[in-house]
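# Results of the structural survey
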Amino acid sequence: KIKIGLNLDGSLRGAPVIVDTGRTNSGFFRAAADSAIRAVYKAQTFKGLPKAKYDAWRDITLTFNPKQLLGG
């Protein structure tokens, strides 16, 4: 899981934060987390979000599941 904060224009408000830092000792977990962070940076600016509902989407927790990415 990665927490992100967004500005009203859909850009990142700060750096994405890995939620479960206890598993960062695992090489696989660290690689997956780094890949997920790169994906968040690549996907910004998040467009099409309704400005009237900014309070609902300004802070988001995203869940990345490597098993789903690999078809498992």
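See the structure shown above.
Described below are features of the structure shown in this document.

What counts and what doesn't
Residues numbered from 1 in each chain as written. Predicted model: local features only at pLDDT ≥ 70, side-chain atom pairs only at ≥ 80, totals over all residues. Heavy atoms only, no water. Helix = DSSP H or I, 4+ residues; strand = E, 2+ residues; numbered from the N terminus. Buried < 20%, exposed > 50% of the residue type's maximum accessible area, 1.4 Å probe, protein only. Contact = heavy atoms within 4.5 Å. Areas by Shrake-Rupley, 256 points an atom, 1.4 Å probe, with all protein chains shown as cover. Lys, Arg positive; Asp, Glu negative; His and termini not counted. Charge placed at Lys NZ, Arg CZ, Asp CG, Glu CD. Pairing = 2+ DSSP bridges. Salt bridge = Lys/Arg side-chain N within 4 Å of Asp/Glu carboxyl O.

## Focus on the overall build of the protein chain
Broken down by element type, the protein chain carries three helices and three strands. Of the regular secondary structure in the protein chain, the N- to C-terminal order runs β-β-α-α-β-α. A principal-axis box enclosing the C-alpha atoms of the protein chain has dimensions of 40 × 25 × 20 Å. Scored against the burial criterion, the 72 residues of the protein chain give a buried share of 22%. Long-range pairs, those at least 24 residues apart, make up 62% of the contacts in the protein chain between residues at least 6 apart in sequence. When the accessible surface of the protein chain is split by element, carbon and sulfur atoms take 54% of a total near 5200 Å². A gap of 5 Å separates the mean positions of the 12 positive and 5 negative side-chain charges of the protein chain.

## A closer look at the pairing of strand β1 (residues 2-5)
Here β1 pairs with strand β2 (residues 17-18) via two bridges, running antiparallel. Bridging from a neighbouring strand, isoleucine 2 pairs with isoleucine 18 of β2. Pairing analysis gives four bridges linking β1 to strand β3 (residues 59-62), with the strands arranged antiparallel. Considered in β3, the bridge of isoleucine 2 is made with leucine 62.

## A closer look at the pattern of salt bridges
Pairs may arise between side chains of opposite charge once their charged atoms sit close together. All chains considered together, the criterion is met by four salt bridges. Where aspartate 59 meets arginine 13, a salt bridge forms, and the shortest distance between an N and an O atom there is 2.4 Å. Note that aspartate 59 is positioned in strand β3 and arginine 13 in the loop between β1 and β2, a separation of 46 residues in sequence. A residue is classified by how much of its surface remains accessible, and aspartate 59, at 49% relative accessible area, is partly exposed. Among the ionic contacts, a cluster of salt bridges with common partners joins Arg13, Asp55, Arg58 and Asp59.

## Examining the environment of isoleucine 18
Inspection of the secondary structure assignment puts isoleucine 18 in strand β2. C-alpha of isoleucine 18 to C-alpha of aspartate 55: the two residues are 37 residues apart in sequence and 22 Å apart in space. When sequence neighbours within four positions are dropped, the list of residues in contact with isoleucine 18 reads Lys1, Ile2, Phe29, Arg30, Ala33 and Ile37.

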